[in-house]
Amino acid sequence: PHFTEAWLGLGTHCMNEGYTEEGARAFAKVRELDRFNVAATNWLTLLEDLPTHFVAVKTPHCLIRLSKQEAPVLAPYLEELLEGWYAEFAKRYRFEPELPIQVEMYDDAQDFAVRGFGTPAAPFLGVCLGRVVLNQSPTTLAPQKRVWAQVLRHEFMHIFSVQATEGLVSRWFTEGLSTFEERRWRPEWDWEEGIDEQVFDAWHDGSLLPVARLNQGFKGDSMRMYYYVSSLVCEYIDNTYGAEGLCRMMAEWKKGSGARTRAQEMMRGWSGSRDPEVVEKALGVSIAQLDAGFRKWLAPRIAAIRIPPKIAERQLAALRGAADPESQARLARGLFQNGQREEAHKRASEAAAAKKPPADAFVVLGHLERDEGRSAEALAQYRKAAEGGIQDFYLYHAIGELELEEGKPEDAIRHYEKARTCFPRQVYGSYDIYRRLYEACQEAGDERGMLKAVEGKCAVAHEDARSRSWLLDRYLESKDHAQAVEIGRQLLWIDPFNISSFLLEWGDCMGDTQ
């Protein structure tokens, strides 16, 4: 009775199960035994604030808690989304979780972190505790350029996969399934910055983990990539074996392995040690065969990304030993990527002087010339590369930029469009192809092209409220009510508190479309 860690653990588990009053009593016992216990103090401070700051909204399957300030705007959308998702998941995965599902929306990131982890700092946007979903609200997520509805769907799916397996599921599967469910509902929720390039590079350098070892990727800098890779594996299973295959896998995990304790059973599932058995029993193939099928399915997606693979410094030695122009051009590319510019110029020049010079040599020479500020020389090299028919996003992006600098927006648009076809999901930073297209179309006076560029960006950049606000304004001006309703809905999923200037007109559009 005097062991504070036991009382703290009891309180935390009560909160995870949605037993707020019991959790509060346990934390009070901790503070009685140790008045300096930081975690208990954080918990009790939060719990004391809940009645004055939060309201509860009951739906047929959920108990929603959210701030009184946000409730008038947010509550109707939460009820619509959660009840719709509940019906969808229950039917698709043939499982109904324990009710009510408790969903808590926090408009303060520190309160969210305390509620989930007992500390006022945590690197998460949402968390599923088995029977309870915790989510940061639009107030905290919109400034982080995160879509609150996307995070909520991810965590809500965990309720089904965790309870259907009684918590015995492998980590890659539950995270992959939740991430797959994001884009299965909204295609524009498919992606985030840098993920395509990371998967592309891992594929080409041979470091992409097989299905049997996916859980090893959930650490460090590779974690976000393996959320996405795991979702692709789930998508492959869904496409090949149907939702029934996913259901059979969850049923196999639920059976357990006969471990002596519940904790051992959960660790066997979570760590992935049961993955080969689950795959074979549920899908009728070995986990190696599943991986081979997945890679065959993934290969066309990788091939559709037309950018040069990164060449690691360790790969340069082998390329130095090859004398053919193609290898020398690839070596030049690798040297350039690794900052060895002088040798890169030498190797690229030698490859460019060959009887049948590889186009990649001219690309490297163009990059080197441009970095030295010699735009005309760079453009000449880039055009030689383009004549060879090379498909390289960065080549055509560079040509477009230089042509726009020369005051030739129509030519720039043509090359930016080529860049877009090479890598249509590049929408961030200085290589944002849709921003470049917009700028070129603006200079050319092509308003239709400007509209198409912003529409293209919104089809990929799911968190971009600014572009969607611009589109909403254009749709309202042109009385394209159906498009206005759709883009307005997307804005609500990003930040329902910052589109008030459009709400009246948007409401009129809703009436017209209905």
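Residues numbered from 1 in each chain as written. Predicted model: local features only at pLDDT ≥ 70, side-chain atom pairs only at ≥ 80, totals over all residues. Heavy atoms only, no water.

Novice: So, the overall build of the protein: which residues are in play, and what are the values?
Specialist: Along its length, the protein carries 25 helices and 5 strands. With respect to the three principal axes, the spread of C-alpha positions in the protein is 85 × 60 × 50 Å. For the protein, the residues scored as buried account for 53% of the 514 residues in total. Sequence-distant contacts, at least 24 apart, represent 60% of the contacts inside the protein between residues at least 6 apart. With an accessible surface of roughly 23500 Å², the protein has 52% of that area assigned to carbon and sulfur atoms. (Helix = DSSP H or I, 4+ residues; strand = E, 2+ residues; numbered from the N terminus. Buried < 20%, exposed > 50% of the residue type's maximum accessible area, 1.4 Å probe, protein only. Contact = heavy atoms within 4.5 Å. Areas by Shrake-Rupley, 256 points an atom, 1.4 Å probe, with all protein chains shown as cover.)

Novice: Let's hear about the pattern of salt bridges: which residues, and what values?
Specialist: Counted according to the given criterion, the structure contains 45 salt bridges. Between D190 and R183 there is a salt bridge; the shortest N-O distance is 3.2 Å. Like R183, D190 is buried. In this structure, the salt-bridge partner of K255 is E252, at a minimum N-O distance of 2.9 Å. Of the two residues, K255 and E252 are both situated in helix α10 (residues 223-255); the distance of 3 residues between them amounts to about one turn of the helix. (Salt bridge = Lys/Arg side-chain N within 4 Å of Asp/Glu carboxyl O.)

Novice: Talk me through helix α12 (residues 275-283); I want residue IDs and the actual numbers.
Specialist: Structurally, the α-helix is built with 3.6 residues per turn, so residues lying three or four positions apart point the same way. Buried residues of α12: D275, V278, V279, A282 and L283, and no others. The arc that holds every buried residue of α12, seen down its axis, measures 95°, which confines them to one face. Every exposed residue of α12 that faces more than 90 degrees away from the buried side is listed here: E280 and K281. Of the surrounding elements, those touching the buried residues of α12 are α8 (171-185), α10 and α13 (287-303). Just downstream of α12, G284 is the residue with a positive phi angle, here 75°. (Arc of directions from axis to C-beta.)

Novice: Mind laying out the packing of helix α3 (residues 38-53) against helix α5 (residues 109-117), listing which residues take part and the relevant values?
Specialist: Viewed as axis vectors pointing N to C, α3 and α5 meet at an angle of 120°, and their least axial separation amounts to 9 Å. In terms of orientation, α3 lies oblique with respect to α5. Classified by chirality, the crossing of α5 by α3 is left-handed. Within the contact between the two elements, α3 uses N42, W43, L46 and D49 and α5 uses D111, V114 and R115. Each residue belonging to the contact of α3 with α5 can be placed in one class, and the counts come to 3 nonpolar, 1 polar and 3 charged. (Axes fitted to C-alpha atoms, helices over the stretch in contact; angles between N-to-C directions. Parallel < 35°, antiparallel > 145°, perpendicular 65-115°, else oblique. Left-handed = near helix turned anticlockwise from the far one by under 90°. Nonpolar A, V, L, I, M, F, W, Y, C, P; charged D, E, K, R; others polar.)

Novice: So, the packing of helix α17 (residues 359-371) against helix α19 (residues 393-405): which residues are in play, and what are the values?
Specialist: The interhelical angle for the contact between α17 and α19, taken along N-to-C directions, is 40°, at an axis separation of 11 Å. Put simply, α17 runs oblique to α19. Helix-helix and strand crossings are classified by hand; for α17 and α19 the assignment is left-handed. Here V363, H367 and R370 of α17 come into contact with α19, specifically with Y394, L395, A398, E401, L402 and E405.

Novice: How would you summarise a negative patch on the surface if you had to cite specific residues and measurements?
Specialist: A contiguous patch of negative charge, built from E410, E443, D446 and E447, is present on the exposed surface. Position of E443 among the secondary structure elements: in helix α21 (residues 433-444). (Patch = residues over 30% accessible without salt bridge, like charges linked within 9 Å, V, L, I, M, F, W, Y side chains within 5 Å. Lys, Arg positive; Asp, Glu negative; His and termini not counted. Charge placed at Lys NZ, Arg CZ, Asp CG, Glu CD.)

Novice: Please set out the nonpolar core residue by residue, giving values where relevant.
Specialist: Counting residues in each nonpolar core, the largest one holds 116 residues, and the members touching the most others are W148, F156, W172, F173 and M249. With 15 residues, the single largest contributor to this core is α10. Ignoring anything within four residues of it in the chain, the contact list for W172 reads V211, L214, N215, F218, S230, V233, C234, I237, M249 and D275. Among the nonpolar cores identified, the runner-up in size contains 18 residues, and W43, L46, L47 and L50 belong to it. (Core = buried A, V, L, I, M, F, W, Y, C linked by side-chain atoms within 4.5 Å.)

Novice: Can you break down helix α15 (residues 325-337) residue by residue, with the values?
Specialist: The terminal C-alpha atoms of α15 lie 18 Å apart, and with 13 residues this matches the ideal 18 Å at 1.5 Å per residue to within 8%. Residues of α15 that are buried: S327, Q328, A329, L331, A332, R333, G334 and L335. The secondary structure elements touched by the buried residues of α15 are α14 (316-320), α16 (341-352) and α17. Note on α15: the residue one or two positions beyond its end, G339, has a positive phi of about 80°. (Expected span 1.5 Å × (residues − 1).)

Novice: With reference to specific residues and values, describe the sheet that holds strand β4 (residues 126-128).
Specialist: In any sheet, the strands associate via hydrogen bonds between backbone groups, in a parallel or an antiparallel arrangement. Strands sit in the order β1-β2-β3-β5-β4 across an open sheet of 5 strands; the sheet is mixed. At either margin of the open sheet sits one strand with a lone partner, and together these are β1 (54-58) and β4. For this sheet, the mean angle separating the axes of adjacent strands, direction not counted, is 15°. Here 4 bridges tie strand β2 (residues 62-67) to strand β3 (residues 101-106), and the two strands are oriented parallel to one another. Residue pairing across strands places C62 opposite I101, the latter belonging to β3. Against the sheet, α3 touches β1, β2 and β3, its axis set at about 70° to β1. Strands β2, β3, β4 and β5 (132-136) of the sheet are contacted by helix α7 (residues 148-164), whose axis makes an angle of about 165° with β5. (Pairing = 2+ DSSP bridges.)

Don't take any of this as a statement about function, it's just geometry.
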